[in-house]
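# Notes for the structure review
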Amino acid sequence: EGSRSSERRVASESGEAVEEEERKDSERVNGLWVDVRSFVCSFGFFFFFQESEKKKALSRCRMVSETYVFANNKGGSGKSTIAFQLAASLAKKRPETQVLAIDFSLYSDLTTMLCGGTSRPSLLAASRGAQTALEGTSKDERVEGLLRALATGKQGGMSDEDSQVSGLFGGWNPFSPSKPRANQSGTADTKAEAPIDLRRFAVRPSDLLNEIDQGGDVQWDLPSNLWVCCSCGELPLEPQEVPDAVRRLRAAISALPQNWVVMIDTDHLAKAPVSELAFCAATKLILPLSIDDNDFSRLFIDPTGNALFDVLETLEGREAGWLQSKVHKVVFNSVLHYQNQPSQNEGIMLPFTPAKACIQQMKNMADQMYSVHKAEDKLVRFFVDGHKIGSTEDFRQRYFSGMRKASEIVMNASKLLGCPICSLPSGMIAIDTLSCTIDAKVLQALQNEVAILTDSVFS
């Protein structure tokens, strides 16, 4: 620009002509800067807009709460006990997370352990936990009310017929046939409804325990971010009501704030309506499993028609996307341990070191699953990210963990008191007529292992 200006001054005898040219050059330069600034601002706004939309999309993805279902069609596999321990441990490790445990089991074991424990003041009396839940909540606030809300779409209030259902601890026989309900077509327009608020049916166990005798002189604190939807009686859901209930429960879970985790406990009746509801609403299946070979076989062959993987296959074939639950973690339960140190056993990561015989049995079970998983596409569909697994060791590492057989004193004290291992105190404990001493080192080792297992399951 300076060179061009000098040439113009030499060629022109008029100073005014030179000034005019310089003015025009200046205007052109200023105009260029305006265009550059406009482009930068436009690009910056576009970039900001794109980033904003990405954040909104990620936020929408995170809004779906984590959902877990604990399932095994073999009674006594440890579903409720493991759910009890992990729910409390997760709530303690993540104080910013709200943990909701929903009890879909006829036997109400999870409710019993969370609400006061399994101890009984006398042989024929109800357990303290069951009695606490029964007295501290109404039917409309428990699973009975939740299931009727999911079946009918009513936000609250059980019908007169629903209210006639007697409580499990008031003499109801869970194996008696249920009275059929009318007007249940399963074709309601659930999309037009406001989501059921699951929090309406949740109560803090710590609040219930503050209102009653805890059954001993031991004081402990259950996390205030731990909630339970109690089960104290019949599970009033008919097969023809399941489709609408599934859609409403999915919508209710999606409507929860993003910091909620939902854990659903089931019983051995894998093909029961409430089990189907759980399998089709939760996304991650936790499979507690003993290392007994007969119990393992029961997952695939069950003369009662409740074999877990057969039930999952039936639900998968119902319609595309109907089955949501896939195996996220297999937790070997009550494994004999050799040392308290975490161990890696050819892919199986455990929070303790098991006895050699147990290692071999766990590997055999995992490898049998993998052989079917790889050869027939029979199981791969029912494992989270199953198609991404490329080797036996990868399969073991991704899906298997375990909980060792705890000291009978510690485990019994935990269940009798309704105090999870993560909160259990050491020393002398009196529970009704029972007294025992919990060794501090033994308890600390168990607490560490439960914490490691919690990280493994909820990572």
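Details of the structure are given in the entry above.
Not measured: the values here are computed from a predicted model.

Time to look at the nonpolar core. Phe104, Phe279, Phe309 and Met369 are the most contacted members of the largest nonpolar core, which totals 71 residues. Each residue touching Phe309, except ones within four places of it in the same chain, is listed here: Leu287, Leu299, Phe300, Val327, Met369, Leu379, Phe382 and Phe383. Formed by 50 residues, the second largest nonpolar core is a distinct cluster that contains Leu110, Leu208, Leu424 and Cys436.

With that out of the way, let us pick up the layout of surface pockets. What the largest pocket holds in volume is close to 660 Å³. As for the largest pocket, its lining consists of 31 residues, and the residues nearest its centre are Gly76, Gly78, Thr81, Met113 and Lys415. Secondary-structure elements contributing two or more residues to the lining of the largest pocket are helix H3 (79-93), helix H4 (109-114), strand S6 (326-335), strand S11 (400-404) and helix H15 (408-417). Examining the composition of the lining of the largest pocket, we find that four residues originate from one element, H15, more than from any other. For the lining of the largest pocket, the residue count by class is seven nonpolar, 16 polar and eight charged.

As a further point, take the pattern of salt bridges. It is possible for side chains bearing opposite charge to pair when their charged atoms get close. Per the counting criterion, the structure on display carries 19 salt bridges. Salt-bridge contacts for Asp197 lead to Arg199; the nearest nitrogen and oxygen are separated by 3.2 Å. Exposure remark for Asp197: the relative accessible area of 33% places this residue in the partly exposed category. Notably, a salt bridge pairs Arg204 with Asp207, separated by 3.8 Å at the nearest N-O pair. Take Asp207: its relative accessible area is 34%, and that puts it in the partly exposed class. One salt-bridge network, in which partners are shared between bridges, spans Glu346, Lys363, Asp367 and Arg396.

Here we come to helix H6 (residues 143-152). Judged by how many residues are buried, H6 sits mostly within the fold: nine of ten residues are covered. Where H6 terminates, the next one or two residues include Gly153, which has phi positive at roughly 85 degrees.

The N-to-C vectors of H6 and helix H9 (residues 242-255) enclose an angle of 105 degrees; their axes lie 7 Å apart at closest approach. As judged from the angle between their axes, H6 and H9 are roughly perpendicular. Seen from H6, the contacting residues are Ala149, Leu150, Ala151 and Thr152; seen from H9, they are Asp244, Ala245, Arg248 and Leu249.

So, about the environment of Glu238. Assignment of secondary structure puts Glu238 in the loop between strand S3 (226-229) and H9. For Glu238, a relative accessible area of 14% puts it in the buried group. C-alpha separation for the pair Glu238 and Val274, spaced 36 residues apart in sequence, amounts to 8.7 Å.

Before going further, it helps to spend a moment on the sheet that holds strand S2 (residues 98-103). Here seven strands make up an open sheet; going across it, the order is S3-S2-S4-S1-S5-S6-S11 and the pairing parallel. Of all the strands in the sheet, just S3 and S11 have a single pairing partner and so form its edges. With strand direction ignored, the average angle separating the axes of adjacent strands in the sheet is 25 degrees. Sheet topology places S2 next to strand S4 (residues 260-265); six bridges connect them, and they run parallel. Paired with Gln98 across the two strands is Trp260, which belongs to S4.

Once that is clear, we can look at the packing of H9 against helix H10 (residues 273-281). Each pair of packed helices gets described by two things: the angle between the helix axes and the distance between those axes. As a packed pair, H9 and H10 sit with axes 9 Å apart at the nearest point and diverge in direction by 40 degrees. By the angle between their axes, H9 is oblique relative to H10. In the crossing of H9 with H10, the sense of the turn from one axis to the other is right-handed. Residues Val242, Ala245, Val246, Leu249, Arg250 and Ile253 of H9 form the contact with H10, whose participating residues are Pro273, Glu276, Leu277, Cys280 and Ala281. A breakdown of the residues in the contact of H9 with H10 according to their chemical character gives nine nonpolar, no polar and two charged.

By secondary structure assignment, the location of Ser89 is in helix H3. Taking relative accessible area as the criterion, Ser89 reaches 4% and is therefore assigned buried.

Summarising burial for S2: six of the six residues are buried, a large majority. Side chains Gln98, Leu100 and Ile102 of S2 all project onto a buried face; the interleaved residues Val99, Ala101 and Asp103 project onto the opposite face, where all are buried too. Sheet topology places S2 next to S3; four bridges connect them, and they run parallel. In the sheet register, Leu100 faces S3, and the bridge partner there is Trp227.

Of all six residues in strand S5 (residues 284-289), five are buried, a share of seventy percent or more. The sheet contact formed by S5 and S6 spans six bridges and is parallel. Residue pairing for S6: Leu289 is matched across the bridge by Phe332.

Right, let's talk about helix H5 (residues 128-136) for a bit. Within the sequence span of H5, burial applies to Arg128, Gly129, Ala130, Thr132 and Ala133. Each element contacted by the buried residues of H5 is listed here: H4 and helix H8 (205-210).

Tallying each qualifying case throughout the model produces one cavity of 30 Å³ or more. A volume near 50 Å³ is recorded for the largest cavity. Considering the residues around the largest cavity, the lining is formed by Pro351, Gly402, Met403, Arg404, Leu446, Glu449, Val450 and Leu453. Among the elements of the structure, S11 and helix H16 (440-458) are those that each provide at least two residues to the lining of the largest cavity.

Rules used in this analysis
- Residues numbered from 1 in each chain as written.
- Predicted model: local features only at pLDDT ≥ 70, side-chain atom pairs only at ≥ 80, totals over all residues.
- Heavy atoms only, no water.
- Core = buried A, V, L, I, M, F, W, Y, C linked by side-chain atoms within 4.5 Å.
- Buried < 20%, exposed > 50% of the residue type's maximum accessible area, 1.4 Å probe, protein only.
- Contact = heavy atoms within 4.5 Å.
- 1 Å grid on protein atoms, 1.4 Å probe; cavity = no way out; pocket = protein on both sides within 12 Å on 5 of 7 lines; lining within 4 Å.
- Points joined across faces, edges and corners; volume = space filled by probe spheres on them.
- Helix = DSSP H or I, 4+ residues; strand = E, 2+ residues; numbered from the N terminus.
- Nonpolar A, V, L, I, M, F, W, Y, C, P; charged D, E, K, R; others polar.
- Salt bridge = Lys/Arg side-chain N within 4 Å of Asp/Glu carboxyl O.
- Axes fitted to C-alpha atoms, helices over the stretch in contact; angles between N-to-C directions.
- Parallel < 35°, antiparallel > 145°, perpendicular 65-115°, else oblique.
- Pairing = 2+ DSSP bridges.
- Left-handed = near helix turned anticlockwise from the far one by under 90°.

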